Number of protein chains: 2
Amino acid sequence: ARRIKAIRGRDLHVRSLDWQLEGPLRMLFHVLDEEVAKDPKNLIVYGGTGKAARSWDDFEAIVSSLMTMESDDTLVIQSGQPIAIFKLDKRAPRVVMSNAMLVPKWADWRTFRELEARGLISFHQMTAGCWAYIGTQGILQGTYETIGYAAERHFGSLEGRLMVSAGLGEMGGAQPLAVKMLGGVALIADVDRRMIERRINTAYLDAWTDDVDKAISMALAAKEKRQATSIGVLANAVDLLERLVREGVTPDLLTDQTPAHDPLAYVPQGLSLEEANKLKASDPDKYVSLASSSMAKHVQLMLELQRRGAVTFDYGNNLRKQAFDAGVEDAFKIPGQMEFLRPMFEEGRGPFRWISLTGEPNDIYRLDDVLLSLFERNARLARWIRNAHKYVKFQGLPARVVYLGYGERALFGKTVSQMVRRGELNGPMWFGRDHLDSGSVASPYRETEAMLDGSDAIGDWPILNYALNTASGATWTCFHHGGGTGIGYSIHAGFGMVVDGSELAEEKAMRVFTVDPGSGVVRHAHAGYPKSLRVARERGIRIPIMD
Amino acid sequence: ARRIKAIRGRDLHVRSLDWQLEGPLRMLFHVLDEEVAKDPKNLIVYGGTGKAARSWDDFEAIVSSLMTMESDDTLVIQSGQPIAIFKLDKRAPRVVMSNAMLVPKWADWRTFRELEARGLISFHQMTAGCWAYIGTQGILQGTYETIGYAAERHFGSLEGRLMVSAGLGEMGGAQPLAVKMLGGVALIADVDRRMIERRINTAYLDAWTDDVDKAISMALAAKEKRQATSIGVLANAVDLLERLVREGVTPDLLTDQTPAHDPLAYVPQGLSLEEANKLKASDPDKYVSLASSSMAKHVQLMLELQRRGAVTFDYGNNLRKQAFDAGVEDAFKIPGQMEFLRPMFEEGRGPFRWISLTGEPNDIYRLDDVLLSLFERNARLARWIRNAHKYVKFQGLPARVVYLGYGERALFGKTVSQMVRRGELNGPMWFGRDHLDSGSVASPYRETEAMLDGSDAIGDWPILNYALNTASGATWTCFHHGGGTGIGYSIHAGFGMVVDGSELAEEKAMRVFTVDPGSGVVRHAHAGYPKSLRVARERGIRIPIMD
Ligand SMILES: NC(=O)c1ccc[n+]([C@@H]2O[C@H](COP(=O)([O-])OP(=O)(O)OC[C@H]3O[C@@H](n4cnc5c(N)ncnc54)[C@H](O)[C@@H]3O)[C@@H](O)[C@H]2O)c1
Ligand SMILES: NC(=O)c1ccc[n+]([C@@H]2O[C@H](COP(=O)([O-])OP(=O)(O)OC[C@H]3O[C@@H](n4cnc5c(N)ncnc54)[C@H](O)[C@@H]3O)[C@@H](O)[C@H]2O)c1
């Protein structure tokens, strides 16, 4: 196991002296930097066991390939292992990869683990194997957009509004800061004091108490004063909701990020953390049965607050399903998060991101300004940029993530390319996005849940997205299986694009930044979303079967 | 429903006057020509319900897209429906498609049929949706290669050898002619007189009788005289094998192409065709039970002949499995057809094919001569060409299929490109291949059964093959699901490449004809096949992790 540090500076390390090869090398090192990766010794970047390469031998072979390849060579990677180098041409991608894919009938964790143990495949989540992870900023921004869109739609803005949730873990910990950035008040329960303190120490959470009544009055006072802040409460989510219902306090927004997907991780009402840990060890069956009733009650309380007017949604933790299985028949009256992501996907909007490959924070800040001037009418974006500048600590190479849509990505990309060419930035920039995007994923329990036409399980779309980015000459392109919802449940695609100031890279980037969100617009237009059809018509995407 | 005829001649129909767009148009018409397609009214080309386009509206939209696109436009097709046109550049493919793909957990026929009924997906087999089907020549040549390789390995040549099989249907009907082309004697049973007569009428079969003893003595006499011929016998396969065992006649090669995959299609021993049809209607359960015992006996007889020295193999009709389920424990002592295809796949060899886009048969014949001079040391290839010239009737546009491997495809492609440029052929040529090829398919019950390292179910390989051909700029590229073994059981990729004499097309073709078989060599090298590793080393394919 090596210790990897992100590579910075303007000196090139690859023999070709070509940023199209130096770029992937730096992004591979970046995602394994210990500021970024969850478990770098085991090459794990994030999300359970999402790896950047299959093994350290494979890592070394990828590195030495990139170091010695010529500018028209293409490296082929199969589940994190470099399996061939072919000579194509400068116009083609420099790396193509397919990770964790199985023939459908064999697509389950058991088969996967067997093949993994034999060294034939490995798991790469979405942005881990595609060398596109940027640390917690990604989660923060995703949460910001989801809650921000919900607020915009229902209240205009989150200012003077109260959002209630629970869970301050890896994902859930982004909630208080995202709410604060949006100008609202967050009241979040967690049963684990250490998680609360950790969020206080990293400034993701402003204040906390172990007194539920006090927490509620603090929150209501802040709401009254329209003060943007966040309050943690050391309590079970169910206790907090029970008190809200009893006191007649209805939050404006309501959700949950306890680990409900795993009944042995969810802490049942009535048990302290210590008691819970003991019971889990001594009598797991009893634990699961307690957790199950607790989750049923949890959802019943959410439904009651929803009836009283709280805008309520499920945040991808499977809480509804657990409650439904425990007998709460109307659990699915609570909509999923796609309720708020879908409208963005409809216009090809999704988590677009970039990194300064030379490691220069000022390049990010300069581009923050460029964004603000290009998209000044997008208030949520402007608010994000100003807040990100203030709160986001870079991990590894400096990065920024923003939701941009069809047209916007190409406009911004072109501006950046010209700035690189004119020497107005310290050096080349990398662009990419999460696989969780508008046209790049088929995942019927998450991103493609409840498509208007019932096409949730159709898998052609991410394949076509992958083909279009590959045909466009993105610096690298990735096809993955199992990200987010696990082996069997999703297929998805991503890319990395190095904008180095050359004409060729700019041409490639313009194609990629057009076809990539374009495939999302088209996917939604075909599913019958009227806004997508309008966007396609207005912005000139040709759809033969509808012309 | 339109009536489609293949387009011939040198006049261009597309507005761009570009063969890179005229080519796909002509291939779409070709596969739907009634000489080629099985059920052109329903857009079905072959293989059950393998379609060329989802519906006639989609067909029309594809046609008018190709007619009006510019030379740097790319058409995107999702399960036979044209969903977008994006402007890329001349260097990119002109069409990319993904057909019949589902998210793995949803990948079964029931879900597929539901989504199909809602107009969201359709089935495209391997070469139907990819516009690369060439009629029965493909089957004939595949059979020729499989049997030819088996003979070469075990006997040096098939001359003076007897092959016994059964089934003269859509696939099986190719057996007698393939054996004759290889210089051997074929003795084939079929229970249906009309099928036998049809094969006689099309010259796929030389003679027939309804007397098993007579058929055996005719076959032995021809073997004695080393006469290349084929004999049909109107009999049940089990009756024929029983007689061979009793008389002590051991064939040199033994296989079967009765429809054993479907117990209601397989005719049980002891029933005439009429009796079988009656019983099927009146008591299907009894029919299936009779078929099952008959198949058990069938395989026991094959095992006995195998013990006596017959080179015996299963030809992909699932007969072994049926017998195994009926109690024949050692049924899998009979190897599958991959026994003879695998060694070819190991060096990237597989069914490469081309078509004269102007419809000129002489272009095919000229290229037959070119092949003979380029690969004069390949005796099986030379024999195929000479025989194909004699026996193969063109269907739709004139075509030729040949097994060529890594290096050979590029050499031949370059020669053809230069002939087109110099005007030595009537016009542009199309190149493609079956998806059943060395690096392009993952199908654990057929093409990737029993891989040396157990990687049968790994799905990354066809994705990478698709990516490489797309990155290389093939005229069109296709990713499909479910061909051959059905929804859930296979994923695979293909392409079409129009060689129009231009420098650009030649560059693209050289890349495609290199990376495509190259990905097969690499796939097998990683699975541990020594020959593949040797081929990679000798012919300069770089494999980073093994260097
Ligand atoms: N957007 C999405 O769709 C998406 C993405 C990732 C994760 N998730 C889901 O969100 C959930 C949370 O993820 P995470 O990474 O933050 O999990 P985590 O395990 O890191 O943190 C969970 C937190 O919840 C607390 N907790 C447990 N039971 C509680 C209870 N009854 N009341 C109050 N607090 C309780 C724990 O103390 C812990 O701090 C998971 O179910 C995960 O699957 C959804
Ligand atoms: N290479 C491959 O892996 C591959 C490819 C395609 C098809 N197949 C399989 O090959 C088999 C044959 O395919 P096909 O398209 O020729 O089928 P088909 O239905 O067109 O023809 C089958 C023939 O077998 C005859 N028959 C049935 N039972 C018989 C018996 N007991 N004895 C003698 N004759 C009998 C029928 O009369 C018919 O002529 C199928 O099981 C098919 O799935 C294998």
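Residues numbered from 1 in each chain as written. Chains lettered and ligands numbered in written order. Predicted model: local features only at pLDDT ≥ 70, side-chain atom pairs only at ≥ 80, totals over all residues. Heavy atoms only, no water.

A. How the structure looks around the relation of the copies chain A and chain B. For these two chains of identical sequence, chain A goes onto chain B by a turn of 180 degrees and a shift of 0.0 Å along the axis, with RMSD 0.0 Å. Here the transformation between the copies is reduced to the relation of a two-fold axis. Proximity to the rotation axis, assessed at the C-alpha, singles out Pro 104 of chain A in chain A; its C-alpha lies 2.1 Å from the axis. Of the residues that chain A buries at the interface, 99% are likewise interface residues in chain B, meaning the two copies contact each other through the same surface. (Least-squares fit on C-alpha atoms with pLDDT ≥ 70 in both. Contact = heavy atoms within 4.5 Å.)

B. Structural detail: the site of ligand 2. Residue and element names in this part refer to chain B. Near ligand 2 lie 26 residues; those nearest to it are Met 171, Asp 190, His 261, Val 267 and Gln 337. Here an oxygen atom of ligand 2 sits 2.9 Å away from a polar atom, N or O, in the main chain of Glu 170. Asp 190 is positioned such that a nitrogen or oxygen atom in its side chain is 2.7 Å from an oxygen atom of ligand 2. Summarising the interface, the protein chains cover 83% of the accessible area of ligand 2, which totals 880 Å² for the free molecule. (Near = heavy atom within 4 Å. Polar contact = N/O pair within 3.5 Å; in protein donor to acceptor, adjacent residues only side chain to side chain. Areas by Shrake-Rupley, 256 points an atom, 1.4 Å probe, with all protein chains shown as cover.)

C. View of the packing of helix 1 (residues 19–32) of chain B against helix 2 (residues 56–68) of chain B. Residues and elements named next belong to chain B. Contact geometry for helix 1 and helix 2: axes closest at 9 Å, N-to-C directions at 155 degrees. It follows that helix 1 is roughly antiparallel to helix 2 by the angle criterion. Two packed elements cross with a definite hand, and for helix 1 against helix 2 that hand is left-handed. Contacts between helix 1 and helix 2 involve Leu 21, Pro 24, Leu 25, Leu 28, Phe 29 and Leu 32 from the former and Phe 59, Ile 62, Val 63, Leu 66 and Met 67 from the latter. The residue inventory of the contact of helix 1 with helix 2, partitioned by class, reads eleven nonpolar, no polar and no charged. (Axes fitted to C-alpha atoms, helices over the stretch in contact; angles between N-to-C directions. Helix = DSSP H or I, 4+ residues; strand = E, 2+ residues; numbered from the N terminus. Parallel < 35°, antiparallel > 145°, perpendicular 65-115°, else oblique. Left-handed = near helix turned anticlockwise from the far one by under 90°. Nonpolar A, V, L, I, M, F, W, Y, C, P; charged D, E, K, R; others polar.)

D. Main features of the interface of chain A and chain B. Facing 77 residues of chain A, the contacting portion of chain B comprises 76 residues. Each partner contributes to the roughly 6,100 Å² buried at the junction of chain A and chain B, and carbon and sulfur atoms together form 72% of this total. Connecting chain A to chain B are six salt bridges. Asp 89 of chain B is paired through a salt bridge with Arg 91 of chain A; the nearest N and O atoms lie 2.7 Å apart. Viewed at the interface, chain B and chain A are joined by 31 residue pairs in polar contact (both at pLDDT 80 or more). (Buried area = accessible area lost by both parts, 1.4 Å probe. Salt bridge = Lys/Arg side-chain N within 4 Å of Asp/Glu carboxyl O.)

E. Quick look at the pattern of salt bridges. Residues and elements named next belong to chain B. Tallied over the full model, the rule gives 83 salt bridges over all chains. Of the charged contacts in the structure, one is a salt bridge between Glu 70 and Lys 87, with a shortest N-O distance of 3.1 Å. Placement of Glu 70 in the loop between helix 2 and strand 3 (73–78) and of Lys 87 in strand 4 (residues 81–87) is noted, with a sequence separation of 17 residues between them. Given a relative accessible area of 44%, Lys 87 falls into the partly exposed group. Among the ionic pairs, Asp 213 bridges to Arg 243, the shortest N-O distance being 2.8 Å. Within this pair, whereas Asp 213 is found in helix 7 (residues 212–224), its partner Arg 243 is found in helix 8 (residues 237–247), the two being separated by 30 residues in sequence. (Buried < 20%, exposed > 50% of the residue type's maximum accessible area, 1.4 Å probe, protein only.)

F. Looking closely at the environment of Val 441 of chain B. Residue and element names in this part refer to chain B. Following the sequence through the fold, Val 441 ends up in strand 15 (residues 441–442). Judged by relative accessible area, Val 441 falls into the buried class, the value being 4%. In sequence terms Val 441 and Asp 460 are 19 residues apart; their C-alpha atoms lie 9.6 Å from each other. Setting aside anything within four residues of it in sequence, one finds Val 441 in contact with Met 126, His 435, Leu 436, Glu 447, Thr 448, Pro 462, Ile 491 and His 492.

G. Representation of the domain arrangement of chain A. Residues and elements named next belong to chain A. Under the domain assignment, chain A is made up of domain 1 (44–135 + 347–547) and domain 2 (157–336). For domain 1 and domain 2, the distance between their C-alpha centres works out to 32 Å. Facing seven residues of domain 1, the contacting portion of domain 2 comprises seven residues. At the junction of domain 1 with domain 2, the criterion picks out two salt bridges. The residue Arg 320 makes a salt bridge to Glu 449 at a minimum N-O spacing of 3.7 Å. On inspection of domain 1 and its partner domain 2, the count reaches four residue pairs in polar contact (both at pLDDT 80 or more). Considered class by class, the residues forming the side of domain 1 that touches domain 2 number three nonpolar, one polar and three charged. (Domains from an automatic or database assignment.)

H. Structural context of the side chain of Thr 229 of chain A. Residues and elements named next belong to chain A. Of note, Thr 229 is situated in strand 9 (residues 229–234). The class for Thr 229 is buried, based on a relative accessible area of 9%. At 2.9 Å, the side chain of Thr 229 and the side chain of Asp 206 are in polar contact. Setting aside chain neighbours within four positions, we find Thr 229 in contact with Lys 180, Gly 184, Val 185, Ala 186, Asp 206 and Ala 222.

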